[in-house]
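Listed below are the residues making up each chain.
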Amino acid sequence: AKKSEDTGAAELELAQRPWLSVEFEHSGTLSVNRQQTTLTVPVTVNNTGMSPAIGLYMNGELFIGAQGHFNARTDEKRICEDMSTMNTISGGETIFAGKALKRTLVIAASPADLTKYATGSSIMLDLVFCVGYHPSFKSSSYYTGATYMLGGTFAMDRTYNVADIDFFPFGLGTTTIR
């Protein structure tokens, strides 16, 4: 009887919980100076679940080129797990069921990585991102990871001034991590 009760409760939670997905717009800007490389990109977080997502918090990292270690799913999980240990879900925004939240995400990296991992005038940028939230009916947290990969061409002078950037989307994936 206890096992049936637990199974029923888990099924009810799955049916009623918020489910978030992340969409990145194919526009944005890359800013480079001697201190940092910054990618600014519009994002939309959609709640396709049956209840509000409360305490929404977003965090991410920008990887320039492969950097010899990039693994999107591993990095998504790490960023989401880092959020869970920081207890960041206590504040944040709310997305109601069937609604979307649009924000502009700003992620920074070292400008040295740009010059080290760019090939000629071509570059790959990987934005690894996590959204943390919880349902209105339970204090447990959920996490949705997303990766946005961009390829592009650019021109840069010796003072790290970048001009004529032309980015195109390379791929996108979203993972729900409990």
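From a predicted model like this one, the values you see are computed outputs, not experimental measurements.

(A) Spatial organisation of the pattern of salt bridges. A full pass over the atoms with the stated rule returns six salt bridges. Through salt bridges that share partners, E61, D75, R78 and D82 make up one connected network.

(B) Structural detail: the pairing of strand β3 (residues 37-47). The element β3 is largely enclosed, with a buried count of ten among its eleven residues. Where strand β1 (residues 20-24) meets β3, five bridges bridge the pair, whose relative direction is antiparallel. Bridge pairing in β3 places F24 opposite V43. Of the strand pairs in this sheet, β3 and strand β6 (residues 100-109) are connected by ten bridges, and their pairing is antiparallel. From the neighbouring strand, V43 faces β6, where its bridge partner is R103.

(C) Fine view of the nonpolar core. F24, L105 and V131 are the most contacted members of the largest nonpolar core, which totals 25 residues. For this core, the element with the highest residue contribution is strand β7 (residues 122-135), accounting for five residues. Ignoring anything within four residues of it in the chain, the contact list for L105 reads F24, L39, T40, V41, V43, L127 and F129. F63, I79, M83 and C130 belong to the second largest nonpolar core, which has seven residues in total.

(D) How the structure looks around the side chain of N46. Its location among the elements puts N46 in strand β3. Under the relative-accessibility criterion, N46 is labelled buried at 16%. A distance of 3.1 Å separates polar atoms of two side chains, one belonging to N46 and the other to E23. Aside from chain neighbours lying at most four places away, what touches N46 is W19, L20, S21, E23, K99 and A100.

(E) View of the packing of aromatic side chains. A full pass over the atoms with the stated rule returns three aromatic pairs. Between F24 and F129, the aromatic rings sit 5.7 Å apart at their centres with planes inclined by 75°, giving edge-to-face as the arrangement. Placement of the pair is F24 in strand β1 and F129 in strand β7, with a sequence separation of 105 residues. By relative accessible area, which is 0% here, F129 ends up buried. Just above the ring of W19 sits the side chain of R17; from NZ or CZ to the centre is 3.7 Å.

Conventions and cut-offs
Residues numbered from 1 in each chain as written. Predicted model: local features only at pLDDT ≥ 70, side-chain atom pairs only at ≥ 80, totals over all residues. Heavy atoms only, no water. Salt bridge = Lys/Arg side-chain N within 4 Å of Asp/Glu carboxyl O. Buried < 20%, exposed > 50% of the residue type's maximum accessible area, 1.4 Å probe, protein only. Helix = DSSP H or I, 4+ residues; strand = E, 2+ residues; numbered from the N terminus. Pairing = 2+ DSSP bridges. Core = buried A, V, L, I, M, F, W, Y, C linked by side-chain atoms within 4.5 Å. Contact = heavy atoms within 4.5 Å. Polar contact = N/O pair within 3.5 Å; in protein donor to acceptor, adjacent residues only side chain to side chain. Phe/Tyr/Trp six-rings, centres within 6.5 Å; stacked < 30°, edge-to-face > 60°. Lys NZ or Arg CZ within 6 Å of the ring centre and 35° of its normal.

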